[in-house]
Amino acid sequence: GAVVSQHPSWVICKSGTSVKIECRSLDFQATTMFWYRQFPKQSLMLMATSNEGSKATYEQGVEKDKFLINHASLTLSTLTVTSAHPEDSSFYICSARYLSGGDYNEQFFGPGTRLTVL
Amino acid sequence: AQKITQTQPGMFVQEKEAVTLDCTYDTSDQSYGLFWYKQPSSGEMIFLIYQGSYDEQNATEGRYSLNFQKARKSANLVISASQLGDSAMYFCAMRERQAAGNKLTFGGGTRVLVKP
């Protein structure tokens, strides 16, 4: 199956700093990538949908100035958490959508990035 | 209203037995897809099985089968012959054709613990 990588897999940072998380589709081109956030023992919550070459579409309640998303190429999307605070500590997961040509458009998930803000 | 509901927050199952994980959904779309994912403690999301709204037969993938009851709007996952490695969180998700970007909506998840 298609492979999606995330880097870093975990990061610890000080409050007030910015953190960039990369999401790459390794063996396919992804016109759309999705960013999710998952708090402990909770489900995945979609933060934003990222389309290559255009601005991301953010879900209601997600601050676009705080969570900057850049989808500069068909294989790379980045999420930057700006001025991170302890409440931003979470597990961030990306997924990339592969257009299979049929009705079944698969999404492949990255392994996730665990962010801890001190 | 919740689009995806998983009513079982946690379940124990004896090794080698079958387990059914419940999932009900709510949509007015005629074309949609239903997915099940497994999330072990490592955090990665592992795709298990897919059912399209127009598929007449229930989907099966190895030990996984999906009991699709369209009129009831349910898509329960059946894991047969449970193994210790099946211990994980399981999420049901739906993709609606009308949803912008074909995004997935996830249920709250069910934690499964397989006992030896």
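From a predicted model like this one, the values you see are computed outputs, not experimental measurements.

Visitor: Go over the overall build of chain B, please, and point to the residues and values.
Guide: The helix and strand tally for chain B stands at 0 helices and 12 strands. Reading chain B from its N end, one meets helices and strands in the order β-β-β-β-β-β-β-β-β-β-β-β. In chain B, buried positions account for 49% of the 116 residues. A fraction of 55% describes how many contacts in chain B between residues 6 or more apart in sequence connect residues 24 or more apart. Accessible surface for chain B amounts to roughly 5600 Å². Of this, 48% is attributable to carbon and sulfur atoms. Side chains of chain B give 12 positive and 11 negative charges; the mean places of these two sets differ by 3 Å.

Visitor: Break down the state of the cysteines for me, with residues and values.
Guide: Residues and elements named next belong to chain A. Summed over all chains, the structure comprises 2 disulfides over all chains. The side chain of C23 participates in a disulfide bridge whose partner is C94; the two sulfur atoms lie 2.0 Å from each other. The sign of the S-S torsion, about 80 degrees, decides the handedness of the disulfide formed by C23 and C94: right-handed. Of this pair, C23 sits in strand β3 (residues 19-25) while C94 sits in strand β9 (residues 90-98); the two residues are 71 residues apart in sequence, bridging distant segments of the chain. Assigned by exposure class, C23 and C94 land together as buried.

Visitor: Before we move on, could you go through the interface of chain A and chain B and cite the residues and values that matter?
Guide: Contacts between the two partners involve 17 residues from chain A and, on the opposite side, 20 residues from chain B. Taking both sides of the interface into account, the surface hidden between chain A and chain B amounts to around 1600 Å²; carbon and sulfur atoms contribute 51%. Summed over the shared surface of chain A and chain B, the number is 1 salt bridge. For B:K103, the salt bridge identified is with A:E59, shortest N-O distance 3.0 Å.

Visitor: Could you give an account of the packing of aromatic side chains, naming the residues involved and the relevant values?
Guide: Taken as a whole and judged by the stated rule, the model has 13 aromatic pairs over all chains. Note on A:Y36 and A:F109: the rings are 5.7 Å apart at their centroids and 40 degrees apart in plane angle, and the pair reads as tilted. Here A:Y36 is found in strand β4 (residues 32-38), whereas its partner A:F109 is found in strand β10 (residues 106-109), with 73 residues between them in sequence. A:F109 shares its class with A:Y36; the two are buried. Ring centres 5.1 Å apart and planes at 75 degrees place the aromatic pair A:F109 and B:Y37 in the edge-to-face group. Here A:F109 is found in strand β10, whereas its partner B:Y37 is found in strand β5 (residues 32-39) on a different chain. Here the aromatic cluster, defined as three or more aromatic residues joined through ring pairs, consists of A:Y36, A:F109, B:F35, B:Y37, B:F47, B:Y50, B:F91 and B:F106. The ring of B:Y64 has B:R63 sitting right over it, with the charged end atom 5.7 Å from the ring centre.

Criteria and cut-off values
- Residues numbered from 1 in each chain as written.
- Chains lettered and ligands numbered in written order.
- Predicted model: local features only at pLDDT ≥ 70, side-chain atom pairs only at ≥ 80, totals over all residues.
- Heavy atoms only, no water.
- Helix = DSSP H or I, 4+ residues; strand = E, 2+ residues; numbered from the N terminus.
- Buried < 20%, exposed > 50% of the residue type's maximum accessible area, 1.4 Å probe, protein only.
- Contact = heavy atoms within 4.5 Å.
- Areas by Shrake-Rupley, 256 points an atom, 1.4 Å probe, with all protein chains shown as cover.
- Lys, Arg positive; Asp, Glu negative; His and termini not counted.
- Charge placed at Lys NZ, Arg CZ, Asp CG, Glu CD.
- Disulfide = S-S within 2.5 Å.
- Buried area = accessible area lost by both parts, 1.4 Å probe.
- Salt bridge = Lys/Arg side-chain N within 4 Å of Asp/Glu carboxyl O.
- Phe/Tyr/Trp six-rings, centres within 6.5 Å; stacked < 30°, edge-to-face > 60°.
- Lys NZ or Arg CZ within 6 Å of the ring centre and 35° of its normal.

Distances and angles like these do not, on their own, reveal function.
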